[in-house]
Amino acid sequence: MTLLDQHCIEGAPALGQSAIDAALPDVPGWSIEDGYLRRNFAFRDYHETIKFVNSLAEMVHQQDHHPLLSVTYKNCVVSYHTHSAGGALSQNDFICAAKANAIYALRAGA
Ligand SMILES: C[C@H](O)[C@H](O)[C@H]1CNC2=NC(N)=NC(=O)C2=N1
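Residues numbered from 1 in each chain as written. Predicted model: local features only at pLDDT ≥ 70, side-chain atom pairs only at ≥ 80, totals over all residues. Heavy atoms only, no water.

An unreviewed UniProt entry annotates the protein chain as Putative pterin-4-alpha-carbinolamine dehydratase of Massilia eurypsychrophila. Word for word, the UniProt comment on the protein chain under Sequence similarities (unreviewed entry) is "Belongs to the pterin-4-alpha-carbinolamine dehydratase family." (UniProt positions renumbered as here; feature names shortened; annotations may be inferred.)

Below, the structure written as structure tokens:
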């Protein structure tokens, strides 16, 4: 089952380094920074940025898995870790990263 087909689960355990290394190629554009799974999404203007943020917010509510967002005029940096796993990375982070990529790929003019 691909990441896109999966739904976040409550209490997902921390992934080990080999699982993280194996999952990273499935979420193009994302990397590990400061212990977070992180990607910068770039847009034409603030309107496009906010449209993405709104779609992302809908998805993360459905998944009940919430990222740290840094929103500026043409960029949105999405940072994920899992609070309930003590700030480690879990499968939930990779599931939401894949869904964020899908939302970004569907934006107008992409
Ligand atoms: C009960 C509910 O599943 C939790 O509070 C959710 C909400 N959103 C969350 N978001 C993130 N990033 N990590 C969590 O552990 C988490 N837990």
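S.K.: Talk me through the pairing of strand β2 (residues 36-42); I want residue IDs and the actual numbers.
M.R.: Counting buried residues in β2 gives five out of seven residues, a clear majority hidden from the surface. The pairing of strand β1 (residues 31-33) with β2 spans three bridges and is antiparallel. Following the sheet pairing, Ser31 is matched in β2 by Arg38. Between β1 and β2, which pair antiparallel one after the other, the connecting turn spans two residues, and Asp34 there sits at a positive phi close to 50°. Of the strand pairs in this sheet, β2 and strand β4 (residues 75-80) are connected by six bridges, and their pairing is antiparallel. Within β4, the residue paired with Ala42 across the bridge is Asn75. (Buried < 20%, exposed > 50% of the residue type's maximum accessible area, 1.4 Å probe, protein only. Helix = DSSP H or I, 4+ residues; strand = E, 2+ residues; numbered from the N terminus. Pairing = 2+ DSSP bridges.)

S.K.: I'd like a rundown of the packing of helix α2 (residues 46-63) against helix α3 (residues 91-105), residues and numbers included.
M.R.: Remark: α2 packs on α3, axes separated minimally by 10 Å, with the N-to-C direction vectors making an angle of 145°. Crossing angle aside, the handedness with which α2 passes α3 is right-handed. Along the contact surface, α2 presents Phe52, Ser55, Leu56, Met59 and Gln63, while α3 presents Ile95, Cys96, Lys99, Ala100, Ile103 and Tyr104. Looking at the contact of α2 with α3 residue by residue, the class counts come to eight nonpolar, two polar and one charged. (Axes fitted to C-alpha atoms, helices over the stretch in contact; angles between N-to-C directions. Left-handed = near helix turned anticlockwise from the far one by under 90°. Contact = heavy atoms within 4.5 Å. Nonpolar A, V, L, I, M, F, W, Y, C, P; charged D, E, K, R; others polar.)

S.K.: Run through the pattern of salt bridges, naming residues and quoting values.
M.R.: Pairs can form between side chains of opposite charge whenever their charged atoms are close. Taken as a whole and assessed by the stated rule, the structure comprises four salt bridges. When the shortest N-O distance is used, the salt bridge between Arg44 and Glu48 registers 3.3 Å. Look at Arg44 and you get exposed, because its relative accessible area is 53%. The residue Lys51 makes a salt bridge to Glu48 at a minimum N-O spacing of 3.5 Å. (Salt bridge = Lys/Arg side-chain N within 4 Å of Asp/Glu carboxyl O.)

S.K.: Give a description of the side chain of Asn92 that names residues and reports values.
M.R.: Relative to the assigned elements, Asn92 resides in helix α3. Given the relative accessible area of 5%, Asn92 is considered buried. At 2.8 Å, the side chain of Asn92 forms a polar contact with the backbone oxygen of Ile9. Non-local contacts of Asn92, meaning those with residues more than four positions away in its chain, are made with Cys8, Ile9, Ala12 and His65. (Polar contact = N/O pair within 3.5 Å; in protein donor to acceptor, adjacent residues only side chain to side chain.)

S.K.: With reference to specific residues and values, describe the sheet that holds β2.
M.R.: Taken in spatial order, the four strands of this open sheet run β1-β2-β4-β3, and their pairing is antiparallel. Of all strands in the sheet, those bounded by a partner on one side alone are β1 and β3 (68-71). For this sheet, the mean inter-axis angle between neighbouring strands, taken without regard to orientation, is 30°. In the packing of α2 onto the sheet, the strands contacted are β2, β3 and β4, and the crossing angle to β4 comes to about 25°. Against the sheet, α3 makes contact with β2 and β4, and its axis sits at roughly 5° relative to β2, the strand it touches most.

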